[in-house]
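# Architecture and fold: a report
Given next are the chains, with one letter for each unit.
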Amino acid sequence: MSTQNTILADTPAILTNGSGAAAILAAGIGSFAVAASAIAADKSAFLKSLFSIYKPTGALSGETTVAILVWFAAWAILEVLWRKRNVSLLRINVIALLLLGLSLLSTFPPIGDLF
Amino acid sequence: MEITTRSLWTLIHGMGFGALYLLASAGAIALLYQRFSTGTHQIPESGNDRVLGIYLTVMAALAWLTVLSGTYIVYPWYRAAPPAGTTNLAAYPRSLLLSHPATSQWHLIGMEWKEHVAWLVPIAITMAAFVAIRYARDLGRQPQLQYALHGFVVTSLFAAGVAGFFGAMLDKNAPVDGGNIIHVVQEGKQ
């Protein structure tokens, strides 16, 4: 077993972190898009009506569809830009987790209603 | 013993997919801790490098099944508007909750938060599954990727917990019920 638990420092080249960074930042952006589209639909009757792409579910159907599209678009663009590069993951993590935290907070109605 | 189709779908959504996801989240955190808490960045034993990716992929499937069944099967029954003049609102959970000051906040805060916060879960866990599969053995040498996985998995557990808690409380105060009746055990049988 110990022979299989090789210390990584002794092993050859590793993958670039760009692809992971793209997925992480895109997840932060997608999460924020969920909160942003929910707040936007709540503030605008026009958007609320526009987002009702599946009537039985109402605006939630459009809000989440738009957010998923934003997430995939961001992921695809960042993947193309970063997949062969090493990027500053610390900075990406901080931004992505901030976006995720903001999304958690702003989907909470008493906070979302402040906007 | 019988159950209605709407109750059954609510059960599948909440106690099936949702509760399984919550249980799996605790397992994912334990798995991440076990794999990356050694202090030395090591390659896992042969075969173990795929376990995390497979585990998180199953979680992602559960998360998508939960939000899709909730949003497109159960939620339309929850938010259905009663015809004018309806006095018995039992079949219209949203209207039933809003009809009384003591229960209206379950919708205005509980459902309003639940219906959006739940969608953060599949996004977070799909990313985690992708990173775990893409980097597999290399994850041990990329501490920042590990931190991101931890952060997103823990946050997804919190978001799923919020959605699960309010789902349970909403169903307690105004259950989604109705539709065809399914006889689980026929009369006279024990």
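This one's a predicted model, so the numbers in the text were calculated from it and none came from an experiment. (Residues numbered from 1 in each chain as written. Chains lettered and ligands numbered in written order. Predicted model: local features only at pLDDT ≥ 70, side-chain atom pairs only at ≥ 80, totals over all residues. Heavy atoms only, no water.)

## Looking at the confidence of the model for chain A
Atom-level detail of predicted coordinates should not be read off regions where pLDDT is low. Residues and elements named next belong to chain A. Residues at a pLDDT of 70 or more form 89% of chain A, whose mean pLDDT is 90. Helix H3 (residues 59–82) holds the highest mean pLDDT among the elements of chain A, 98, whereas helix H5 (residues 109–112) holds the lowest, 93. This model gives residues 1–10 a pLDDT under 50, and the stretch forms 19 contacts once residues within four places in sequence are excluded. (pLDDT = per-residue confidence, 0-100. Helix = DSSP H or I, 4+ residues; strand = E, 2+ residues; numbered from the N terminus. Contact = heavy atoms within 4.5 Å.)

## Things to note about the side chain of Ser106(A)
Residue and element names in this part refer to chain A. Inspection of the secondary structure puts Ser-106 in helix H4 (residues 89–107). Classification of Ser-106 by relative accessible area gives buried; the value is 9%. Reaching out from Ser-106, the side chain makes a polar contact with the backbone oxygen of Leu-102 at a distance of 2.6 Å. Sequence-distant contacts of Ser-106, that is, excluding residues within four places in its chain, are made with Ala-35, Ile-39, Ile-111, Gly-112 and Phe-115. (Buried < 20%, exposed > 50% of the residue type's maximum accessible area, 1.4 Å probe, protein only. Polar contact = N/O pair within 3.5 Å; in protein donor to acceptor, adjacent residues only side chain to side chain.)

## Structural notes on the packing of helix H1 (residues 18–43) of chain A against helix H6 (residues 143–173) of chain B
Running from N to C, H1(A) and H6(B) point in directions that differ by 25°, and their axes come no closer than 11 Å. The pairing of H1(A) with H6(B) is recorded here as roughly parallel in orientation. Regarding H1(A) and H6(B), the two cross each other, and that crossing is left-handed. Facing H1(A), whose interface residues are Gly20(A), Ile24(A), Ala27(A) and Gly28(A), H6(B) presents Leu145(B), Ala148(B) and Phe152(B). Residue classes in the contact of H1(A) with H6(B) are distributed as 5 nonpolar, 2 polar and no charged. (Axes fitted to C-alpha atoms, helices over the stretch in contact; angles between N-to-C directions. Parallel < 35°, antiparallel > 145°, perpendicular 65-115°, else oblique. Left-handed = near helix turned anticlockwise from the far one by under 90°. Nonpolar A, V, L, I, M, F, W, Y, C, P; charged D, E, K, R; others polar.)

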